[in-house]
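Structural features, examined
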Amino acid sequence: LQGVYSASKAAVKAFTDALRMELEHQKSPVAVTLIQPASVGTPFAQHAKNYMDAQPRLPSPLYAPESVAKAILHAAQKPVRNLMVGTASRIFSSLAHYSPRLTDRFMEAKMFSEQKEQVAAGGRKSILDQPSEDPRERGYLGGRKVVEHDIYSTATRNPVKTAALAVGAGIAVAALVRRKGRAPVH
């Protein structure tokens, strides 16, 4: 399904890390950020080369293309090493790191059916050899919803505001707990 695609993403990560180190060694003023999005609701599945017996589809949840654009603009203004886009990106990355076998089992159980439409593969052309003439930024999603505003992505782009909000929420919870622990006055 996505072995070649996943291998190419791993290669991009390795290349990005090497490029970053080479530029830092040369004391270059150029910053390099690896943007790591979850599934983005673009026409990727409609344009990719397909060897399956069914039409491909992107696994849920799907995030808005604008969320990736916002991450790129953020990295251009405030360079960071890596920037994940979409809560699912962070969750699956953490799961794969801390519990790789459990992640494998989940992917084996869910991802094969998640990445195939219930429609046979047609004789469509891929854009491997020629560009698409379709200017749309969003692809066919089969009626599935797109996450337009992702809390995780917004929080990672605004760490100071997020920390202040978390501290404020913690103080409010502590005050409520403390208040509930007191005996009522009669």
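First, a word on what this report is: a plain description of the structure on this page. All residue numbers refer to position in the chain's written sequence, counted from 1. For a predicted model such as this one, the threshold for reporting local features is a pLDDT of at least 70, and the threshold for listing and counting side-chain atom pairs is 80 or more; totals across whole chains, interfaces and linings nevertheless cover every residue. Excluded from the side-chain calculations are hydrogens and water; all other atoms, namely the structure's heavy atoms, are used.

**Looking at helix 1 (residues 3-25)**
Cut-off, in case you're wondering: The way it works is that DSSP assigns letters per residue, a run of H or I at least four long becomes a helix, a run of E at least two long becomes a strand, and they are numbered from the N terminus. For a helix, the expected span equals 1.5 Å multiplied by the residue count minus one. Partly exposed describes any residue whose relative accessible area lies between the buried limit of under 20% and the exposed limit of over 50%, with all areas from a 1.4 Å probe on protein chains only and scaled to the type maximum. Working rule for contacts: check all heavy atoms of both residues, and any pair within 4.5 Å makes them a contact.
For helix 1, with 23 residues, the first-to-last C-alpha span of 33 Å sits near the 33 Å given by 1.5 Å per residue. Every buried residue belonging to helix 1 is among Thr16, Asp17, Arg20 and Leu23, and all of these are buried. In this structure, the buried residues of helix 1 make contact with strand 1 (34-37) and strand 4 (82-85). Residue Lys27 follows helix 1 closely and has a positive phi angle near 55°.

**Overview of the pattern of salt bridges**
The condition is simple: Any Lys or Arg side-chain nitrogen found within 4 Å of a carboxyl oxygen on Asp or Glu counts as a salt bridge.
Within the structure shown, the criterion is met by nine salt bridges. Ionic pairing is found between Asp17 and Lys13, a salt bridge with its closest N-O pair at 2.9 Å. Note that Asp17 and Lys13 are positioned in helix 1 at a spacing of four residues, about one turn of the helix. You can call Asp17 buried: its relative accessible area is 14%. Residue Arg20 is joined to Asp17 by a salt bridge in which the shortest nitrogen-to-oxygen separation is 2.9 Å. Placement of the pair is Arg20 and Asp17 together in helix 1, with a separation of three residues, close to one helical turn. Among the residues examined, Arg20 registers a relative accessible area of 6% and is labelled buried. Each of Lys13, Asp17, Arg20 and Arg81 takes part in one network of salt bridges that share partners.

**Notes on helix 5 (residues 100-114)**
Rules: One axis is fitted to the seven residues ending at the residue and one to the seven starting there. The bend at that residue is the angle between these axes.
With 15 residues, helix 5 should reach 21 Å at 1.5 Å per residue; the first-to-last C-alpha distance of 20 Å fits that figure. Of all the bends in helix 5, the largest measures some 35° and sits at Glu108.

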